[in-house]
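What follows is each chain in one-letter form.
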Amino acid sequence: MRYTGFEGENNQICHSIRDGKRYQRKTVKDNVDVVIIGAGISGLTSAYKLKDKFSVKVIEKENRIGGASKRGNWKGSYYSYGTADTGPDYEIKYEGRTINFLKQLFQELNVPWQKVSDPSDAFHFRNHLVLDPFCRCHPDLPTSREERKGFEDAISYLEEFKERYGKLTIPPEASPPEWEQLDKKSLRELFANSGEYFLLFLDRYSQSTFGATSNEISAFEGLYYLSRELDERYTCPGGNACVSEALSNHLEGKIELNSTAVLVEQENDTCYVTYVDAQGSEVTLESRSVIMACPKHYAPYIVKGLPEDQKRAFRKVRYDSYIVANVFTNDVIYDAAFATYFDDTIFTDMIIADWIVTSGNKKVGSGEPEVYTLYCPMGERGRYKVLTETAETWISQITNGINRYFPRAEKKIVDIRLFRYGHHYVLGYPGFITGPRTIAKRPFGNIFFAKDDMQGVPCLESAVWSGLDAANGILQKMG
Ligand SMILES: Cc1cc2nc3c(=O)[nH]c(=O)nc-3n(C[C@H](O)[C@H](O)[C@H](O)COP(=O)(O)OP(=O)(O)OC[C@H]3O[C@@H](n4cnc5c(N)ncnc54)[C@H](O)[C@@H]3O)c2cc1C
């Protein structure tokens, strides 16, 4: 069998800058009000919000828009290259107003969200399949009383916290004041006494959701995501990519693909962005403002004149790495839940790509084609493997895992496509959101900083909020 292997992620130019290459400004080719670097959801949200008032240009290094929110289609079914779902129906209180920024944007864009039907989650640990671990209703939740206790403790903790203080939110600053203390400890510290079985789940969940184990991420970030699990979850066919696509539909002619920003300068209120375009030519744009909606560890290399404290803060923005594998089969090999966690495979979890369309009604052995999206978090330490290990190595580890849980399924696999993420996934380590992030996200003159890394939690809400926040900064500054 020949599998497609790797698709995507063009990193040569960015890595050459990391390794010392520097670019010079060219003769200005064009002039716009705002240049946005990065066509992920945050950059596209900023562009969408500014496009009616200013001339806008978005520069994207890949050959497609979407960043971590892209999708593909196989035999009529959409599948995700990264993000899976969200919970869009929630309100926040911010600067004295009650707003629901996701719902408002999705309604404006006509995003076709649907509720994920139950069972939305399951885990397959120690040869036992548990459906809906966060529902109090399942008597088979894990096997012994002691093992069940960890889950019950976690649910009680989340419910009591919400009852007593209110909801944890994005932006973190709209959360009850207790969020700051939560940011300073690790998620594991909160649940240290919840039993070995729950901690095993917490680590796999945490690796899948944040790319790092529960002692490497902050309790704020962990609880924020866990509390989403108690609420209803929503998605579109192919995951959150429908948001990036809906945004880009309003930005025709404003996005330049295959273009990597390599230098950002400002002089007397004028910005200059130099980039390498699709033909390999170096081009400079002049603008009144810039939004950097790309990973921030890159900022100290390309933004000229950054204050020392902000440079240091950008260097403390850390990222996890990921391989996402889409496995195409000519028959259904699993049908129990939308998302399922596993305890000892290279992939922490797996999504059934068209669950939202079929509501789980495609049954094992029905002979219908299916796509399974498998998440393989590699953390910070495993990043080198994401670049150096061959597609064959990944595919062999993935098929081993599939065979372990679904005997004889390998014969039904038609193709495996891999996608790598080097630095998309911000690591919300303890102290980051209340610490370096607050310095990093400060506007620098006419340069604003968006992307989920400026909220510290890798999720759709962070991307949208940071895009809106940067756009508001520009509206205030430029009228
Ligand atoms: C594997 C995975 C699974 C996820 N699952 C979920 C989920 O289920 N639910 C959820 O809510 N969130 C999820 N997330 C997080 C969510 O996808 C992100 O928070 C969101 O998509 C980030 O959008 P962004 O615009 O902030 O950044 P990105 O999507 O990272 O966009 C940044 C863009 O900048 C571009 N860029 C970088 N450098 C340059 C340069 N020099 N010049 C030009 N362009 C540049 C990149 O190519 C990219 O397109 C997941 C993320 C990943 C990676």
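For the structure, check the block above.
All values reported here derive from a predicted model rather than from experimental measurement.

Asker: I keep staring at the overall build of the chain and nothing clicks. Help me out?
Answerer: Looking only at helices and strands, the chain features 16 helices and 21 strands. Compactness check: the chain gives a C-alpha radius of gyration of 22 Å against a globular reference of 23 Å for 479 residues, within 12% of the reference. Considering only C-alpha atoms, the chain reaches an extent of 65 × 55 × 40 Å along its principal axes. A sequence separation of at least 24 residues applies to 73% of the contacts in the chain between residues at least 6 apart. Computed over 59 positive and 65 negative side-chain charges, the inter-centroid distance for the chain is 3 Å.

Asker: Explain the state of the cysteines here, please?
Answerer: The bond known as a disulfide is covalent and runs between the sulfur atoms of two cysteines. Within the structure shown, the criterion is met by one disulfide. Not part of a disulfide, Cys 459 finds its nearest cysteine sulfur in Cys 242, a span of 15 Å.

Asker: Explain the site of the ligand here, please?
Answerer: For the ligand, the set of nearby residues contains 40 residues, the closest of which are Glu 60, Thr 83, Asp 85, His 424 and Asp 452. For the ligand, an oxygen atom lies 3.0 Å from a polar atom in the side chain of Ser 69. Within the side chain of His 424, a nitrogen or oxygen atom sits 2.7 Å from an oxygen atom of the ligand. Relative to its free-state accessible area of 1,000 Å², the ligand is covered by the protein chains to the extent of 97%. Those elements that provide at least two residues to the shell around the ligand are helix 2 (41-50), helix 8 (219-230), strand 13 (260-267), strand 20 (413-426) and helix 16 (460-478).

Asker: When you look at unusual backbone geometry in this model, what are you seeing that I'm missing?
Answerer: Glycine aside, negative phi is the norm for most residues, and most peptide bonds take the trans geometry. In this model, Asp 118 is joined to Pro 119 through a cis peptide bond whose omega is -5 degrees. You can see Pro 119 is positioned in the loop between strand 8 (114-115) and strand 9 (121-125). Look at the link from Ile 170 to Pro 171: it is a cis peptide, with omega at 0 degrees. Here Pro 171 lies in the loop between helix 4 (145-164) and helix 5 (179-184). Even without being glycine, Lys 451 reaches a positive phi, approximately 95 degrees. Among the secondary structure elements, Lys 451 is positioned in the loop between strand 21 (447-449) and helix 16. On the basis of relative accessible area, Lys 451 is assigned to the buried category, the value being 8%.

Asker: Looking at this structure, how should I read the nonpolar core?
Answerer: One broad trend across soluble globular proteins is that nonpolar side chains are buried collectively. If you look at the biggest cluster of nonpolar residues, it comprises 115 residues, and the most contacted ones within it are Ile 291 and Met 292. Per-element accounting of this core gives the leading share, nine residues, to helix 16. Each residue touching Ile 291, except ones within four places of it in the same chain, is listed here: Val 34, Val 35, Ile 36, Ile 37, Ser 46, Leu 50, Phe 448, Ala 450, Ala 470, Ala 471 and Ile 474. Listed in part, the 49 residues of the second largest apolar core include Val 327, Ile 333, Phe 347 and Ile 356.

Asker: So what exactly am I meant to see when it comes to the pattern of salt bridges here?
Answerer: Pairs can form between side chains of opposite charge whenever their charged atoms are close. One pass over the structure, following the stated rule, counts 28 salt bridges. Close ionic contact of Glu 62 with Lys 61 constitutes a salt bridge, the shortest N to O distance being 2.7 Å. Of the charged contacts, one joins Lys 311 and Glu 308 as a salt bridge, the two residues approaching to 3.5 Å between their closest N and O atoms. With a gap of three residues between them, Lys 311 and Glu 308 both fall in helix 11 (residues 308-315), about one helical turn apart. Here the residues in one salt-bridge network are Arg 25, Glu 265, Glu 267 and Lys 304, joined through shared partners.

Here is what the cut-offs are and how they apply
Residues numbered from 1 in each chain as written. Predicted model: local features only at pLDDT ≥ 70, side-chain atom pairs only at ≥ 80, totals over all residues. Heavy atoms only, no water. Helix = DSSP H or I, 4+ residues; strand = E, 2+ residues; numbered from the N terminus. Rg over C-alpha atoms; globule rule 2.2 N^0.38 Å. Contact = heavy atoms within 4.5 Å. Lys, Arg positive; Asp, Glu negative; His and termini not counted. Charge placed at Lys NZ, Arg CZ, Asp CG, Glu CD. Disulfide = S-S within 2.5 Å. Near = heavy atom within 4 Å. Polar contact = N/O pair within 3.5 Å; in protein donor to acceptor, adjacent residues only side chain to side chain. Areas by Shrake-Rupley, 256 points an atom, 1.4 Å probe, with all protein chains shown as cover. Buried < 20%, exposed > 50% of the residue type's maximum accessible area, 1.4 Å probe, protein only. Core = buried A, V, L, I, M, F, W, Y, C linked by side-chain atoms within 4.5 Å. Salt bridge = Lys/Arg side-chain N within 4 Å of Asp/Glu carboxyl O.

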